[in-house]
Amino acid sequence: MPCAKPFDISKREVWEAFKRVKANHGAAGVDGQSITEFEARLGDNLYKLWNRLSSGSYLPPPVRRVNIPKADGGLRPLGIPTVADRVAQEVVRCRLEPLLEPKFHRDSYGYRPGRSAIDAIRVARQRCWRANWVLDLDIKSFFDSIDHELLLSAVRKHADCRWVMLYIERWLKAPVQLEDGTLQPRTAGTPQGGVISPLLANLFLHCVFDRWMDREHPGIAFERYADDIICHCRSECEAVVLRSRLEERFSSCRLTLHPAKTQVVFCKDTNRAGDYPRVSFDFLGYTFKPRLAKWPNGKFGVSFLPAASAVALKEIRRSIRLWGLQRRTDKELDDLARIYGPYVRGWVNYYSHFYKSALYPSLKVLDRHLVRWVQRKFKRFRQRPVAARAWLTGVIRRKLVLFPHWQLLHGNGRMLGAV
């Protein structure tokens, strides 16, 4: 009779983990194996992975590093594990998350079930109306700076599971393969792109920041989405003191606040007098700043409100230009809606929750590109842009739901000057 495996990991757990990894898609790791190729020998691959996980012999391969452009012009390093390693990480994540989730802070929103960035923005908006000042925190290279010993200590304290500890430690120490193929040892950090990384990052900041704030500054509310954090203060003095104390706290935990991006902001509106240098901040793709708004009593005034940030809107317009819609004359309009509609739906779903009119000009750029497509697609409109716009306006009236942004721009009978 065969000996039982030292670690109680079922084959069902590995199978369910694979299904979630497949649903999330993702690129190949250092072995070059895609999800499709992994699935071609699914039974053998999953059995081998289960056997190694449950016996304690699983050793994660290096993580492939790629640099992707950031909205501010910099580069964000992403670590891409192999497909098998993503499945293994998902197995551990599913065991660890139920243990940690009940302990996490009520104002932590990132990568948590039933919580979203929009929830964090909504709460931040309400608190900005009640508190005059915000401390906007930026942790420098957070994911690359997490101290391994401190993180493992936090995992050990909150999750009494030997094999979970074993594999997390191995993932933290797995080397990174750079784009030129060289291997780089890792002594700190958990790579962005890893399945387990968001949960580990949440746990680290739960211990470093969330619990510390509750203990040391219980009267100061905050919202945290992963490493994006804003704190609501009653006075400028309180915000400055908090910044100083947090610099010390983060430094003691091997983290650094970015000196230029961490800022104290005044939440200026009609009812708050004062002239201060900083009256806006960005949080999760939204810019909070004084904006003209209609109040519940019917009057107009200035409120401190979020709207899609200039950086986010610029990225939307850039994406639309890169699509080159006017050159896709081999496609019908319905084809274009099927191909690009999911992207537009994502923008509308995320950026139309607050002050949605800020989104209109960038979405109108898409309609202008569609007009150019009409001119190239149909010979009768080549030299007739006005007629091409009229044709597209007619389509919008008949098929308002074809593109996700048409309902937002042109719904309820308003055509906003056609297109």
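Right above here is the structure, for reference.
All values derive from a computational prediction rather than experimental measurement. (Residues numbered from 1 in each chain as written. Predicted model: local features only at pLDDT ≥ 70, side-chain atom pairs only at ≥ 80, totals over all residues. Heavy atoms only, no water.)

*Asks:* In this structure, what is going on with the packing of helix α11 (residues 310-323) against helix α12 (residues 333-351)? I would like to understand it.
*Replies:* Viewed as axis vectors pointing N to C, α11 and α12 meet at an angle of 170°, and their least axial separation amounts to 12 Å. Here α12 runs roughly antiparallel to α11, going by the angle between their axes. Of the residues in α12, those in contact with Ala312, Ile316, Ser319, Ile320 and Trp323 of α11 are Tyr340, Tyr343, Val344, Trp347 and Tyr351. Here the residues of the contact of α11 with α12 sort into nine nonpolar, one polar and no charged. (Axes fitted to C-alpha atoms, helices over the stretch in contact; angles between N-to-C directions. Helix = DSSP H or I, 4+ residues; strand = E, 2+ residues; numbered from the N terminus. Parallel < 35°, antiparallel > 145°, perpendicular 65-115°, else oblique. Contact = heavy atoms within 4.5 Å. Nonpolar A, V, L, I, M, F, W, Y, C, P; charged D, E, K, R; others polar.)

*Asks:* How should the sheet that holds strand β2 (residues 75-80) be read in this particular structure?
*Replies:* Neighbouring strands of a sheet are bound in pairs by backbone hydrogen bonds; such pairs are parallel or else antiparallel. Strands sit in the order β2-β1-β4-β5 across an open sheet of four strands; the sheet is mixed. The sheet is open, and its two borders are formed by β2 and β5 (183-184), each paired with just one other strand. In this structure, strand β1 (residues 63-69) lies alongside strand β4 (residues 176-177), joined through two bridges in parallel fashion. Bridged to Val63 within β4 is Val176. (Pairing = 2+ DSSP bridges.)

*Asks:* Please explain the sheet that holds strand β8 (residues 263-266) as it appears in this structure.
*Replies:* Spatial ordering of the open sheet is given by β6-β7-β3-β8, a layout of four strands whose pairing is antiparallel. Pairing within the sheet leaves two strands with one partner each, and these edge strands are β6 (221-225) and β8. Averaged over all neighbouring strand pairs, the angle between strand axes comes to 20°, with direction disregarded. Across five bridges, β6 lies against strand β7 (residues 228-233) in antiparallel orientation. For Arg224, the partnering residue across the bridge sits in β7 and is Ile229. Contacts from helix α5 (residues 117-130) reach β3 (133-138), β6 and β7, with the element oriented near 160° to β6.

*Asks:* Sorry, what's going on with the pairing of strand β11 (residues 300-308) here?
*Replies:* As a general feature of sheets, a regular strand has side chains that alternate between the two faces. Of all nine residues making up β11, seven are buried, and the element is well covered by its neighbours. Taken together, the nine bridges between strand β10 (residues 286-294) and β11 define a ladder with antiparallel strand orientation. Among the inter-strand pairings, Arg291 is bridged to a residue of β11, identified as Ser303. Between β10 and β11, which follow one another and run antiparallel, lie five residues, and Gly298 among them has a positive phi close to 90°. (Buried < 20%, exposed > 50% of the residue type's maximum accessible area, 1.4 Å probe, protein only.)

*Asks:* Explain the pairing of β1 to me, please; I cannot follow it from the model alone.
*Replies:* Both β1 and β2 contribute to a ladder of six bridges, which runs antiparallel. The residue bridging Asn67 from the neighbouring strand is Pro77, located in β2.

*Asks:* Is there a simple way to explain the nonpolar core in this structure?
*Replies:* Nonpolar side chains in soluble globular proteins tend to be buried together. Among the nonpolar cores identified, the biggest contains 68 residues, and Ile168, Phe209, Cys231 and Leu246 are the most heavily contacted of them. Ranked by residue count, the leading element in this core is helix α9 (residues 197-216), at 11 residues. Residues Trp323, Leu363, Leu370 and Trp406 belong to the second largest nonpolar core, which totals 56 residues. (Core = buried A, V, L, I, M, F, W, Y, C linked by side-chain atoms within 4.5 Å.)

*Asks:* What should I look at first to understand unusual backbone geometry in this one?
*Replies:* Comment: phi is negative for the bulk of residues other than glycine, and the bulk of peptide bonds are trans. Its identity as a non-glycine residue notwithstanding, Arg254 has a phi of 70°, on the positive side. Mapped onto the elements, Arg254 comes out in the loop between α10 (236-252) and β8. Although it is not a glycine, Leu284 sits at a positive phi angle of roughly 55°. Mapped onto the elements, Leu284 comes out in the loop between β9 (281-283) and β10. Under the relative-accessibility criterion, Leu284 is labelled buried at 13%.

*Asks:* How should I be thinking about the side chain of Glu97 in this particular structure?
*Replies:* Within the secondary structure layout, Glu97 lies in helix α4 (residues 83-100). Those residues in contact with Glu97 that lie beyond four places of it in its chain are Pro102, Tyr111, Pro113 and Leu199.

*Asks:* When you look at the pattern of salt bridges in this model, what are you seeing that I'm missing?
*Replies:* In a structure, side chains of opposite charge can pair up when their charged atoms sit close to one another. Scanning all chains against the criterion turns up 26 salt bridges. A salt bridge links Glu216 to Arg245, with the shortest nitrogen-to-oxygen separation between them at 3.5 Å. Taken together, the residues span a long stretch of sequence, with Glu216 in helix α9 and Arg245 in helix α10 at a distance of 29 residues. Overall, Glu216 belongs to the partly exposed group, its relative accessible area being 33%. Overlapping salt bridges, with partners in common, bring together Arg20, Glu90, Arg93 and Glu97 in one network. (Salt bridge = Lys/Arg side-chain N within 4 Å of Asp/Glu carboxyl O.)

*Asks:* How should I be thinking about the packing of α9 against α10 in this particular structure?
*Replies:* The description of two helices packed together rests on the angle between their axes and the distance between the axes. In the contact formed by α9 and α10, the axes pass within 11 Å of each other and the chain directions differ by 140°. As the angle between them shows, α9 and α10 are arranged oblique. Between α9 and α10 the crossing geometry is right-handed. Contact with α9, carried on its side by Leu205, Cys207, Val208, Phe209, Trp212, Met213 and Glu216, involves Leu242, Arg245, Leu246, Arg249 and Phe250 of α10 and no other residues of that element. Here the contact of α9 with α10 is composed, by residue class, of nine nonpolar, no polar and three charged. (Left-handed = near helix turned anticlockwise from the far one by under 90°.)

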